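A look at the structure
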Amino acid sequence: MVVHTIGLMSSTFLTSFGEQIVVLNSIISTKSVCNHSRSPSPWLKITVELPTRTRPPDVAKFVGAVQKFINDRENDWTSVFIFITGFDADRATMKLDVWLGATNPYQEWNALYSSRSRVLLFIHAYIVEAGHHIVRPAQPLCALDDVGSEVASGLSGFSGLAGLLARSRE
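Residues numbered from 1 in each chain as written. Predicted model: local features only at pLDDT ≥ 70, side-chain atom pairs only at ≥ 80, totals over all residues. Heavy atoms only, no water.

Within this structure, the stated rule accounts for four salt bridges. A salt bridge links aspartate 72 to lysine 68; its shortest N-O distance comes to 2.7 Å. Aspartate 76 is the partner of arginine 118 in a salt bridge, and the nearest nitrogen-oxygen pair spans 3.2 Å. Taken together, the positions of arginine 118 in helix α3 (residues 109–129) and aspartate 76 in the loop between α2 (56–71) and β5 (77–88) put the pair 42 residues apart, joining distant regions of the chain. Taking the relative accessible area as the measure of exposure, aspartate 76 reaches 14% and is therefore buried. (Salt bridge = Lys/Arg side-chain N within 4 Å of Asp/Glu carboxyl O. Helix = DSSP H or I, 4+ residues; strand = E, 2+ residues; numbered from the N terminus. Buried < 20%, exposed > 50% of the residue type's maximum accessible area, 1.4 Å probe, protein only.)

Take a look at the structure:
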């Protein structure tokens, strides 16, 4: 949530769904508050699992294409690091973690998730165009609700949408 207004008795917050929530300041004073406007720009992680049968030159081309895509979007991203972080012999997959340094601060969640969605779409399009397939969808970072529990986030790149779907199932 992002602070919209701070009043004498209460404060108004905007949620990632565009809802306004009014909270008494006496309640806020008993909670932990994180001021993201004083935080450094966020880093986002996208995890992709590829088949281990993917040839090393194809993995190198994929890494190079993602790096070029990110570097060409300096308004959205400051840098990118891609690591192969593991192999799963039972599933015959290799795991790649794509770390993205964002230019948008935490409180500009809409711009942050829009930029991230473009990266996810690029990754998907690149892999499909190369004739490969993603073994497991890219895993989004889990959003935290106001009490700190994880929101269901099984949809690639759209943890806000996953939260809406989770609410609609209740």
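Let's shift gears to the sheet that holds strand β3 (residues 20–24). The strand order across the open sheet built from three strands is β1-β2-β3, with neighbouring strands paired in antiparallel fashion. Unpaired on one side and paired on the other, β1 (2–6) and β3 mark the two borders of the sheet. On average, each strand axis in the sheet is inclined to that of its neighbour by 30°, with strand direction left out of account. In this sheet, β3 lies alongside strand β2 (residues 10–14) in antiparallel orientation, the contact comprising five bridges. Bridge pairing in β3 places serine 10 opposite leucine 24. (Pairing = 2+ DSSP bridges. Axes fitted to C-alpha atoms, helices over the stretch in contact; angles between N-to-C directions.)

Our focus in this paragraph is the nonpolar core. Ranked by size, the top nonpolar core spans 23 residues in total, and within it Ile46, Phe62, Ile70, Leu96, Leu100, Val119 and Ile123 carry the most contacts. With six residues, α2 is the largest single contributor of residues to this core. In this view, valine 119 contacts Ile46, Phe69, Ile70, Trp77 and Leu100; residues no more than four positions away in its chain are not counted. (Core = buried A, V, L, I, M, F, W, Y, C linked by side-chain atoms within 4.5 Å. Contact = heavy atoms within 4.5 Å.)

All we've got here are geometric facts, nothing functional implied.
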